[in-house]
Amino acid sequence: MITNADLQRRLDTRTKPQGSLGALETLAIRIGLALDTDTPKFQAPQMFVFAADHGIATDGVSAFPQSVTAQMLLNYLSGGAAINVLARQHGITLRVVDAGVANDIGEHPSLVARAVARSTRNFRTEPAMTSEQCTQALGTGRALAQEALRQGSNALLFGEMGIGNTACASMLLHRRTGWSLEDCVGRGTGLDDIGLARKRDRLAAAAARRPEKLGPIDTMTEFGGFELAMITGALLATADEKCIAVIDGFAVSVAALLAIEIDPRVRNRCIFSHCSAEYAHRKLLAHLDVKPLLDLGMRLGEGTGAAMAWPIIDATARLMTEMASFEAAGVDDRTS
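Counting of residues starts from 1 at the beginning of each chain's written sequence and follows it residue by residue. The predicted origin of the model limits local features to residues at a pLDDT of at least 70 and limits the giving and counting of side-chain atom pairs to 80 or more, whereas totals for whole chains, interfaces and linings rest on all residues. Side-chain calculation: all heavy atoms of the structure are included, whereas hydrogens and water are not.

## A closer look at the nonpolar core
Point 1. One finds F123, F158, L173 and L235 to be the most contacted residues of the largest nonpolar core, which totals 70 residues.
Point 2. Numbered from the N terminus, helices here are DSSP runs of H or I no shorter than four residues, and strands are runs of E no shorter than two. Here the element with the most residues in this core is helix α11 (residues 250-262); it accounts for 10 residues.
Point 3. Any two residues whose heavy atoms approach within 4.5 Å are treated as being in contact. Beyond its immediate stretch of four places on either side in the chain, L235 contacts F158, A245, I247, A255, A256, A259, V266 and C270.
Point 4. Buried Ala, Val, Leu, Ile, Met, Phe, Trp, Tyr and Cys residues form a nonpolar core when they are joined through side-chain atoms within 4.5 Å. Burial classes follow relative accessibility: with a 1.4 Å probe on protein chains only, a residue under 20% of its type's maximum area counts as buried, one over 50% as exposed, and anything between as partly exposed. With 36 residues, the next largest nonpolar core counts L35, V49, A57 and V246 among its residues.

Next up, the structure:
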């Protein structure tokens, strides 16, 4: 098994001053440990965009109507969304998963149809899903990740889409950390002050419905979304594998928080791509003790932050693997 010292030794013997690649050296070590090699090479990267609807959206917690989820799903399938552009540019296979979109869009050759149900229920008044549905969603995410890994991928990237899912993610964060709702709830797709106050009010009512302490899976059952449960399950599948999991923005980071709680080994597979503009994301990243690669004020979701970070991740692995050593290049090392 490769060690931190092995990886540091390789970095220090490449044709560069020690430490001169800055944060990329920390990233290189993270990649090497995850892939268990000092010559990492990525194969067949796959981006999963999980889409689902949320019953809480009917409470007006988003600036957009619920119909947008299905409309964006069709946009992904036709190749017109931002994530399509970035996946094409960087040679990432895009897999669009219907985890539970309210409007059935029918069959499509590029759609991974895995809907647990047509939207979760409104968690302000009742559990978002049944325990059986949560188990199904977790298992589906795990199976999709395992399939990708069996196909030879060692880099999985994760994004999401679903009107109302920042409300869902904020609620999950509130219940897993104990932070106040004021610290967890942001503007999502662009709520004004009135909309933000309404969102916090609806989530406060939901929290009061189940005030007792819950475990991570019960929290997901009560307040989660099918797409976030599938991402959680997919991340759990990486724990025993030699691979990386590239985490997108706020909602995916919340799913990662739950996955790490369930199996702490997941942390060693995760690379957090960027800090989004969503209010609580920076605090969550600090809570997880991770530094994102990018901080561009993005808040689009759908895996775009992960895709933007991918060329940095790939370049780092290539530098680790392909850069010559001082000895091989005939370059004098520094004098002692």
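Moving on, there is more to tell.
## Focus on helix α10 (residues 226-237)
Point 1. One less than the residue count of a helix, multiplied by 1.5 Å, gives the span that helix is expected to have. If you check α10, its first and last C-alpha atoms are 17 Å apart, about what 12 residues at 1.5 Å a residue would give, namely 16 Å.
Point 2. In terms of residue burial, α10 counts as a mostly covered element, since 12 of its 12 residues are buried.
Point 3. For α10, the set of buried residues is F226, E227, L228, A229, M230, I231, T232, G233, A234, L235, L236 and A237.

## Remarks on the environment of E278
Point 1. If you trace the backbone, E278 turns up in the loop between β6 (270-272) and α12 (281-287).
Point 2. Residue class for E278 comes out buried when judged on its relative accessible area of 7%.
Point 3. In this structure, the C-alpha to C-alpha distance between E278 and F250, residues 28 residues apart in sequence, is 6.6 Å.
Point 4. For E278, the contacting residues outside a window of four places in its chain are T166, G186, R187, G188, K199 and F250.
Point 5. Distance and chemistry together define a polar contact, namely a pair of N or O atoms within 3.5 Å, with one atom able to donate a hydrogen and the other to accept it when in protein, and with adjacent residues in sequence counting only for side-chain atoms on both sides. In terms of polar contacts, E278 uses its side chain to reach the backbone amide nitrogen of G188, at 3.1 Å.

## A word on the side chain of N154
Point 1. Following the sequence through the fold, N154 ends up in the loop between α5 (131-150) and β4 (155-161).
Point 2. Polar contacts involving the side chain of N154 include one to the main-chain carbonyl oxygen of K41, which spans 3.0 Å.
Point 3. Ignoring anything within four residues of it in the chain, the contact list for N154 reads L35, K41, F42, Q43, L149, K242, C243 and I244.

## Re α5
Point 1. Spanning 20 residues, α5 covers 28 Å between terminal C-alpha atoms, matching the ideal 28 Å at 1.5 Å per step.
Point 2. Of all the residues in α5, the buried ones are C134, A137, L138, T140, G141, L144, A145, A148 and L149.
Point 3. Residues of α5 that are buried in the fold lie against β1 (46-52), β2 (93-100), β3 (111-113), β4, α9 (216-223) and α10.
Point 4. Looking one or two places after α5, you find G152, whose phi comes out positive at around 110 degrees.

## What to know about the packing of helix α6 (residues 165-177) against α11
Point 1. It is the contact of α6 with α11, at a shortest axis distance of 9 Å, that shows an interaxial angle of 35 degrees. Handedness of the crossing formed by α6 with α11: left-handed. Along the contact surface, α6 presents T166, A169, S170, L172, L173, R176 and T177, while α11 presents F250, A251, V254, L257, L258 and E261.
Point 2. Its residues assigned to classes, the contact of α6 with α11 comprises 8 nonpolar, 3 polar and 2 charged. Helix axes are fitted only over the stretch in contact, all axes being lines through C-alpha atoms; the angle between N-to-C directions runs from 0 to 180 degrees. Less than a right angle of anticlockwise turn of the near helix away from the far helix marks a crossing as left-handed, whereas a clockwise turn marks it as right-handed. Three classes are used, and their members are as follows: Ala, Val, Leu, Ile, Met, Phe, Trp, Tyr, Cys and Pro are nonpolar, Asp, Glu, Lys and Arg are charged, and the others, Gly among them, are polar.

## Describing the pattern of salt bridges
Point 1. Only one rule defines a salt bridge in this text: a Lys or Arg side-chain nitrogen within 4 Å of an Asp or Glu carboxyl oxygen. Counted by the stated rule, this structure contains 20 salt bridges.
Point 2. Of the charged contacts, one joins K16 and E25 as a salt bridge, the two residues approaching to 2.7 Å between their closest N and O atoms.
Point 3. You can call K16 buried: its relative accessible area is 8%.
Point 4. Salt-bridge contacts for E261 lead to R176; the nearest nitrogen and oxygen are separated by 2.8 Å. In this pair, E261 sits in helix α11 while R176 sits in helix α6, placing the two residues 85 residues apart along the sequence.
Point 5. Owing to a relative accessible area of 34%, E261 belongs among the partly exposed residues under this scheme.
Point 6. Ionic contacts of the salt-bridge type, sharing partners, join the residues R209, R210, E212 and E222 into one network.

## Topic: the side chain of H281
Point 1. Mapped onto the fold, H281 is located in helix α12.
Point 2. Of the polar contacts made by the side chain of H281, one reaches the backbone nitrogen of S276; its length is 2.9 Å.
Point 3. Once residues within four sequence positions are removed from consideration, H281 is found in contact with D248, G249, F250, S253, H274, C275 and S276.

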